[in-house]
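Observations on chain architecture
One-letter residues, chain by chain:
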Amino acid sequence: MAIHTDIVVAGGYGGGYHARAGQYITVVDLEGVQAGDFVALCADDPSEYLSAPHCREALLSLFPRVGDKLVTNRRRPILEIVNDKVGTHDMTIPACDPTRYSVEFGVPGHRNCLENMLEGLRGRGLEVLLGRAVDGLDVPEPLNLFQNTPVVADGRVGIAEGTSQPGGLIVFRALLNVIGALSSCPQDMIPSNGLRPSPLRLIVADEPVLEV
Amino acid sequence: MPLLMTELPSAPLPDELALDVPGGEARMVRARQGQLLSVETLDGGQIAEFFAFSAVDSREFLSPHHTRVFGGTFLLRMATRMVTNRRRPIFVVSRDSHRRHDLLSPASDACLGAVADALAEARLRPLKIPDPVNLFMNTELRSDGSIRAGPCLARPGDRITLRVLIDADVVVAACQAGQKGLSADPPTRLRLRLTNLVEDLPEDLPALAQH
């Protein structure tokens, strides 16, 4: 089987990937209970991208499931979830960024998913594609893999520890040519990542990877 | 009357303003810290897609996503602080007769066109049009995360009033929703008011129960 990308993203760090339409993207939670912020932009026109609000509108749900076709901000399918051994993912929480830590936790200078994903996208040439420097505005609202954000009483946002076991994985089939990024979320103050960010693996291949 | 600050502000608040948004269009107003900004559905049944940009830097804008995390709530409630993509409160919900709004859904294509026109007329060039807060939109969220979107239930005269916390360029669109049947068809008028004195606000309708 042809493998096009196989990277391990260290806990709290980020990386980039490319996938062509028809290829499979597998993301593995190597040690368990680790959220991965994940974005996908159209390689042919990065002003079109996987959009969490449009996915919620199309799926009439906060949570994606196996078999779902995820859509772009122009309401076109971009990724299909073809396998999911975890079943708990989030489509509502914006990427943690410098202000998440400086304003809401009083900790300036913390590693964060927004800058992790920007680094990943820059490494994949997004600046060249856009013809200008990219900034935070060019990182869409992410899909947060393995992140557990239940609806709790009275419509409040629950922040809970993830449910993924070591080796838990999700597989997407790319329906368009995509450029994207993955961040192993560095949040180490609230339950999300078991208080210890850990590595994720991302594989792009011609077939789904179901065991690692 | 401006906010009760320890030092008197050097400049008075700008004149009060009332402006109607025709159905199918969008309008922009500049709102100053301390003013009361209200949005009213004059004819009922009309969703207001609501956007705001910091008056000093359009790269900072109202974000429904950051608002949900900041307040720990999927719903917009009384006293919810609406925050920017940099986690700064830009409005707070001060009065609300309707109590059913949406922080989850994207802008409709019709609305994006109308907003782009309003921004161009005001010579504002933000890098992108952010996701809106959808005032009066009737989305119900169940505990399993499923969403039910129903027709807008706003009555003629339903109104939400926000205290302005950061000087902002506010754009409000009175358009079709992304999916059919959720908002008035054809779209109907919204009224925007910028008020300096709470006494100048018309009386609210009796409040509906929160979803």
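With that settled, consider the sheet that holds strand β2 (residues 26-31) of chain B. Residues and elements named next belong to chain B. An order of β2-β11-β4-β7 is seen for the 4 strands of this open sheet, with the pairing classed as antiparallel. The open sheet has two edge strands with one neighbour each: β2 and β7 (133-135). Direction aside, neighbouring strands of the sheet carry axes that sit 25° apart on average. Relative to β7, strand β4 (residues 48-54) runs antiparallel, the two being bridged by 3 bridges. Counted as the bridge partner of Phe50 is Val133 from β7. On the sheet, helix α2 (residues 109-121) packs against β2, β4 and β11 (168-173) and is oriented at approximately 140° with respect to β11.

Attention shifts here to the packing of aromatic side chains. Counted according to the given criterion, the structure contains 4 aromatic pairs over all chains. Arranged with centres 5.5 Å apart and planes meeting at 10°, the rings of A:Tyr17 and A:Phe38 form a pair that is stacked. Taken together, the residues span a long stretch of sequence, with A:Tyr17 in strand β2 (residues 14-19) and A:Phe38 in strand β4 (residues 36-42) at a distance of 21 residues. Take A:Tyr17: its relative accessible area is 0%, and that puts it in the buried class. A:Phe38 gets classed as buried once you look at its relative accessible area, which sits at 0%. Both rings, one in B:Phe50 and one in B:Phe91, keep their centres 5.5 Å apart while their planes meet at 70°; by these two values the pair is edge-to-face.

All names here are of chain A. Strand order across the open sheet formed by 4 strands is β2-β11-β4-β7, with antiparallel pairing between neighbours. Each edge of the open sheet is held by one strand with a lone partner, namely β2 and β7 (143-145). Between one strand axis and the next, the sheet turns by 25° as a mean value, whatever way the strands run. Pairing of β4 with β7 involves 3 bridges; the strand directions are antiparallel. If you follow Phe38 over to β7, its bridge partner there is Leu143. Along the sheet, helix α3 (residues 113-123) contacts β2, β4 and β11 (178-184); its crossing angle with β11, the most-contacted strand, is approximately 140°.

Parameters and conventions
- Along each chain, numbering runs from 1 in the same order as the chain's sequence is written.
- Labels are handed out in written order, letters beginning with A for the chains and numbers beginning with 1 for the ligands.
- The model is predicted, so local features are restricted to residues of pLDDT at least 70 and side-chain atom pairs to those at 80 or more, both for listing and for counting; the totals for chains, interfaces and linings are taken over all residues.
- The basis for every side-chain value is the complete set of heavy atoms in the structure, and neither hydrogens nor water enter the calculation.
- Any two strands are treated as partners once DSSP identifies two or more bridges connecting them.
- Runs of E in the DSSP output that reach at least two residues are strands. Runs of H or I that reach at least four are helices, and both are numbered from the N terminus.
- With axes taken as lines fitted to C-alpha atoms, and helix axes fitted only over the stretch in contact, angles between N-to-C directions fall between 0 and 180 degrees.
- Contacts were defined at the residue level, with two residues in contact if any of their heavy atoms lie within 4.5 Å.
- Here is the rule: rings of Phe, Tyr and Trp (six-membered ring for Trp) pair when centre to centre is within 6.5 Å. Planes less than 30 degrees apart are stacked, more than 60 are edge-to-face, and the remainder are tilted.
- Note on classification: 1.4 Å probe, protein chains only; a residue is buried when its accessible area is under 20% of the maximum for its type, exposed when over 50%, partly exposed between these limits.

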